[in-house]
Amino acid sequence: AQSVTQLGSHVSVSEGALVLLRCNYSSSVPPYLFWYVQYPNQGLQLLLKYTTGATLVKGINGFEAEFKKSETSFHLTKPSAHMSDAAEYFCAVSKTSGTYKYIFGTGTRLKVLA
Amino acid sequence: GAVVSQHPSRVICKSGTSVKIECRSLDFQATTMFWYRQFPKQSLMLMATSNEGSKATYEQGVEKDKFLINHASLTLSTLTVTSAHPEDSSFYICSAPDQRTQETQYFGPGTRLLVL
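Notes on the structure in this doc start here. (Residues numbered from 1 in each chain as written. Chains lettered and ligands numbered in written order. Predicted model: local features only at pLDDT ≥ 70, side-chain atom pairs only at ≥ 80, totals over all residues. Heavy atoms only, no water.)

## Focus on the overall build of chain A
Okay, step 1: What chain A contains, in helices and strands, is zero helices and 12 strands.
Okay, step 2: When the helices and strands of chain A are placed in sequence order, the string is β-β-β-β-β-β-β-β-β-β-β-β.
Okay, step 3: In terms of overall dimensions, chain A is globule-like: its C-alpha atoms have a radius of gyration of 13 Å, near the 13 Å expected for 114 residues.
Okay, step 4: Expressed along its principal axes, the backbone C-alpha trace of chain A runs to roughly 45 × 30 × 20 Å.
Okay, step 5: For chain A, the proportion of its 114 residues judged to be buried stands at 43%. (Helix = DSSP H or I, 4+ residues; strand = E, 2+ residues; numbered from the N terminus. Rg over C-alpha atoms; globule rule 2.2 N^0.38 Å. Buried < 20%, exposed > 50% of the residue type's maximum accessible area, 1.4 Å probe, protein only.)

Here you go:
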């Protein structure tokens, strides 16, 4: 069975500081990995995903994540936080074939301090 | 990117009534759609997979008679919460996979259900 762990339900950073949101997964086979962002009372928007190929994946809004198989991690980073980055971030995994059902982590709420 | 809509965005109903939530893929077809439930400040839990032309597949612990799913066309799936009770109050979100890259899902804006 697959599972996702997001360490830190709340993360606060100063505007302009590095953003690091952690995601570790458990899967019997290498999964597909995703980061989604959710703004209040809205649905989820895809930030980036890893399926195959380059392990460093760049997404929208300056975010990137690196798939590290040895560490079973897919941490999300952004060099410089902006006030508009304040939101809930979810890491998710899916199998790589069949019906791509997502297993979500518990989410990390990012707060950006002025 | 592709757009998924949900209607209504918010609904308040009395206990014992049924509520229907629509999920539409606006500019693409979706033979499969997914329904999630999200409790306040918690993650999304997959409830069921909606399949066009066949029965929905429910996740373990989800009552199929309570949460009726109908995938009426390639662009519409509906979730009906039957005989709603206060504990059914939640944020319901649907998603549909990208036609080309099926692993990518597009999410609707969600429907907030409040049962009094």
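## What about the packing of aromatic side chains?
Okay, step 1: Summed over the entire model, instances satisfying the criterion amount to 17 aromatic pairs over all chains.
Okay, step 2: Plain terms: the ring middles of tyrosine 36 of chain A and phenylalanine 107 of chain B are 5.1 Å apart, the flat faces sit at 75 degrees to each other, and that makes the pair edge-to-face. Here phenylalanine 107 of chain B lies in strand 10 (residues 105–107) and tyrosine 36 of chain A lies in strand 5 (residues 32–38), a pairing that spans two chains.
Okay, step 3: By relative accessible area, which is 9% here, phenylalanine 107 of chain B ends up buried.
Okay, step 4: Among the aromatic side chains, those forming a connected cluster through ring pairs are Phe34, Tyr36, Phe90, Tyr102 and Phe104 of chain A together with Tyr36 and Phe107 of chain B. (Phe/Tyr/Trp six-rings, centres within 6.5 Å; stacked < 30°, edge-to-face > 60°.)

## Description of the pattern of salt bridges
Residue and element names in this part refer to chain A.
Okay, step 1: Counted under the stated rule, the structure contains seven salt bridges over all chains.
Okay, step 2: Across the salt bridge formed by glutamate 64 and lysine 58, the nearest N and O atoms sit 2.8 Å from each other.
Okay, step 3: Of the residues examined, lysine 58 reaches a relative accessible area of 62% and is grouped as exposed.
Okay, step 4: Glutamate 88 is paired through a salt bridge with arginine 109; the nearest N and O atoms lie 2.9 Å apart. (Salt bridge = Lys/Arg side-chain N within 4 Å of Asp/Glu carboxyl O.)

## Here's the deal with the nonpolar core
Okay, step 1: Counting residues in each nonpolar core, the largest one holds 26 residues, and the members touching the most others are Trp35, Leu48, Leu76 and Tyr89 of chain A.
Okay, step 2: Listing elements by their share of this core, those giving two or more residues are strand 2 (10–14), strand 3 (19–21), strand 5, strand 6 (44–50), strand 8 (64–68), strand 9 (73–78), strand 10 (87–94) and strand 12 (108–113) of chain A.
Okay, step 3: Of all the elements, strand 10 of chain A adds the most residues to this core, at four residues.
Okay, step 4: Counting 23 residues, the second-largest nonpolar core is a separate cluster that includes Phe28, Ala56, Val81 and Cys94 of chain B. (Core = buried A, V, L, I, M, F, W, Y, C linked by side-chain atoms within 4.5 Å.)

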